Amino acid sequence: MVHFTAEEKAIIMSLWGKVNIEEAGGEALGRLLVVYPWTQRFFDTFGNLSSASAIMGNPKVKAHGKKVLTSFGEAVKNMDNLKGAFAKLSELHCDKLHVDPENFKLLGNVMVIILATHFGKEFTPDVQAAWQKLVSGVATALAHKYH
Amino acid sequence: MSLTKTERAIIVSMWGKISTQADTIGTETLERLFLSYPQTKTYFPHFDLHAGSAQLRAHGSKVVAALGDAVKNIDNITGALAKLSELHAYILRVDPVNFKLLSHCLLVTVAARFPADFTAEAHAAWDKFMSVVSSVLTEKYR
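Residues numbered from 1 in each chain as written. Chains lettered and ligands numbered in written order. Predicted model: local features only at pLDDT ≥ 70, side-chain atom pairs only at ≥ 80, totals over all residues. Heavy atoms only, no water.

The name that an unreviewed UniProt entry assigns to chain B is Hemoglobin subunit zeta, with the source organism given as Otolemur garnettii. If you open the UniProt record of chain B and go to Function (unreviewed entry), you find "The zeta chain is an alpha-type chain of mammalian embryonic hemoglobin." The heading Sequence similarities (unreviewed entry) in the UniProt record of chain B holds the text "Belongs to the globin family." (UniProt positions renumbered as here; feature names shortened; annotations may be inferred.)

Under an unreviewed UniProt entry, chain A has the name A-gamma globin (Predicted) and belongs to Otolemur garnettii. Per UniProt, chain A has the following entry under Sequence similarities (unreviewed entry): "Belongs to the globin family."

Structure, rendered in structure tokens:
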């Protein structure tokens, strides 16, 4: 199980407080679909995903991105028990959504890159390391109930 | 998997900016790699890996210079990196999983320094480019 030091928690919470969830969520999901086009397989009902600009401007992508990132906020609040916090979502992603857990890793890394573009110099190697730990922990938690 | 004309144009154009900070970008990429993925340090037992170490700086420069070669010969990355491909296959034998980790850290470094340029489209082009470079470097592994 992943364990966060007090310093790592502080780093994560401090940055999270400055994130615009709606904007960053849309950005994250959009970039996932642009950079790794095969991930579009889960979003047949989303309409126009034919180009980078279509994807980034797509209202369904933005809305769903916001949903995903809002849920990620639960991770920040429950860093000591990610598996517990994401148990239900894990079941959902396995039984109903049928999402390969590899995709959680892809999305996590896209999120890290977005944080880098938003925070620039502030996103130091130390800050990145704490966030890599978190996105990795969330990916593991979301895969935990797979069967 | 090969780069489209548009993707090559994006890479080449951004490299102009990146190369002006080549050395620091190389160093920062490695710092990020060793902090986020401590297991990668196992390939450098002979290095002083503290921030600011001369070895870290030299090695970072080396890595970025090699990427520069790939960019300058973007139509023939296989040819440009042939010697490095052999080096990684027969001497260094870095496990292939680590190329993804280094690539990610380079992208984070570039994204942090050039946020306006690192659009979704540029992100995709760079991710693909690093994937091609990684393939070339692991081509002769077995």
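**What about the overall build of chain B?**
For chain B, the helix and strand inventory stands at seven helices and zero strands. The order of helices and strands in chain B, counted from the N terminus, is α-α-α-α-α-α-α. At 14 Å, chain B has a C-alpha radius of gyration in line with the 14 Å of a compact globule built from 142 residues. Expressed as lengths along the three principal axes of its C-alpha atoms, the size of chain B is roughly 40 × 35 × 20 Å. Taking all 142 residues of chain B together, 46% fall into the buried category. In chain B, 78% of the contacts between residues at least 6 apart in sequence involve partners at least 24 apart. Accessible surface for chain B amounts to roughly 7200 Å². Of this, 58% is attributable to carbon and sulfur atoms. (Helix = DSSP H or I, 4+ residues; strand = E, 2+ residues; numbered from the N terminus. Rg over C-alpha atoms; globule rule 2.2 N^0.38 Å. Buried < 20%, exposed > 50% of the residue type's maximum accessible area, 1.4 Å probe, protein only. Contact = heavy atoms within 4.5 Å. Areas by Shrake-Rupley, 256 points an atom, 1.4 Å probe, with all protein chains shown as cover.)

**Points about a nonpolar patch on the surface**
All names here are of chain B. Together, L87, Y90, I91 and L92 make up a nonpolar patch on the protein surface, roughly 390 Å² of accessible area in all. Mapped onto the secondary structure, L87 falls in helix 5 (residues 82-92). Taking relative accessible area as the criterion, L87 reaches 34% and is therefore assigned partly exposed. (Patch = residues over 30% accessible without salt bridge, like charges linked within 9 Å, V, L, I, M, F, W, Y side chains within 5 Å. Salt bridge = Lys/Arg side-chain N within 4 Å of Asp/Glu carboxyl O.)

**Description of the nonpolar core**
Counting residues in each nonpolar core, the largest one holds 83 residues, and the members touching the most others are F72, F123, W131 and L134 of chain A together with I77, W126 and F129 of chain B. For F129 of chain B, the residues in contact, after removing those within four places along its chain, are L3, I11, L67, A70, V71, I74 and I77 of chain B. Y37, L56, L101 and C105 of chain B belong to the second-largest nonpolar core, a separate cluster that totals nine residues. (Core = buried A, V, L, I, M, F, W, Y, C linked by side-chain atoms within 4.5 Å.)

**Structural notes on the interface of chain A and chain B**
Contact residues are listed per partner, giving 21 residues for chain A and 19 residues for chain B. Buried area between chain A and chain B, both sides added, is near 1600 Å², and the carbon and sulfur share of it is 63%. Linking chain A to chain B there are zero salt bridges. Elements with a minimum of two residues in the side of chain A that touches chain B: helix 2 (21-35), helix 3 (52-57), helix 7 (102-119) and helix 8 (125-143) of chain A. Ranked by residues supplied to the side of chain A that touches chain B, first place goes to helix 7 of chain A with six residues. Considered class by class, the residues forming the side of chain A that touches chain B number twelve nonpolar, six polar and three charged. (Buried area = accessible area lost by both parts, 1.4 Å probe. Nonpolar A, V, L, I, M, F, W, Y, C, P; charged D, E, K, R; others polar.)

**Observations regarding the side chain of N103 of chain A**
All names here are of chain A. By secondary structure assignment, the location of N103 is in helix 7. On the basis of relative accessible area, N103 is assigned to the buried category, the value being 12%. The residues contacting N103, other than those within four sequence positions of it, are T39 and F42.

**Regarding the packing of aromatic side chains**
Pairs of aromatic rings are described using the distance from one ring centre to the other and the angle between the two planes. All names here are of chain A. Counted under the stated rule, the structure contains eleven aromatic pairs over all chains. An aromatic cluster is built from W16, F72 and W131, whose rings are joined through pairwise contacts. Here the basic side chain of R41 rests over the ring of F42, its NZ or CZ set 4.9 Å away from the ring centre. Above the plane of the ring of F4 lies K133, whose end atom (NZ or CZ) is 5.8 Å from the centre. (Phe/Tyr/Trp six-rings, centres within 6.5 Å; stacked < 30°, edge-to-face > 60°. Lys NZ or Arg CZ within 6 Å of the ring centre and 35° of its normal.)

**Focus: the UniProt feature "domain: Globin" (unreviewed entry) in chain A**
Here the UniProt-annotated "domain: Globin" (unreviewed entry) positions come out as residues 3-147 of chain A. In the segment residues 3-147 of chain A, helix accounts for 70% and strand for 0%; the C-alpha atoms at its two ends are 25 Å apart.

**Topic: the packing of helix 6 (residues 87-96) of chain A against helix 8 of chain A**
In contact at an axis separation of 7 Å, helix 6 of chain A and helix 8 of chain A are set at 65 degrees when each is read in the N-to-C sense. Residues L89, S90 and H93 of chain A of helix 6 of chain A form the contact with helix 8 of chain A, whose own contacting residues are A141, L142 and A143 of chain A. (Axes fitted to C-alpha atoms, helices over the stretch in contact; angles between N-to-C directions.)

**Examining the packing of helix 2 (residues 22-36) of chain B against helix 6 (residues 97-113) of chain B**
All names here are of chain B. At a closest axis distance of 8 Å, the pairing of helix 2 and helix 6 adopts a crossing angle of 125 degrees. The angle between helix 2 and helix 6 falls in the class oblique. Between helix 2 and helix 6 lies a crossing of right-handed hand. Judged by residue contacts, T24, I25, E28, T29, L30, R32 and L33 of helix 2 engage L101, L102, C105, L106, V108, T109, A112 and R113 from helix 6. Taken together, the residues of the contact of helix 2 with helix 6 break down into nine nonpolar, three polar and three charged. (Parallel < 35°, antiparallel > 145°, perpendicular 65-115°, else oblique. Left-handed = near helix turned anticlockwise from the far one by under 90°.)

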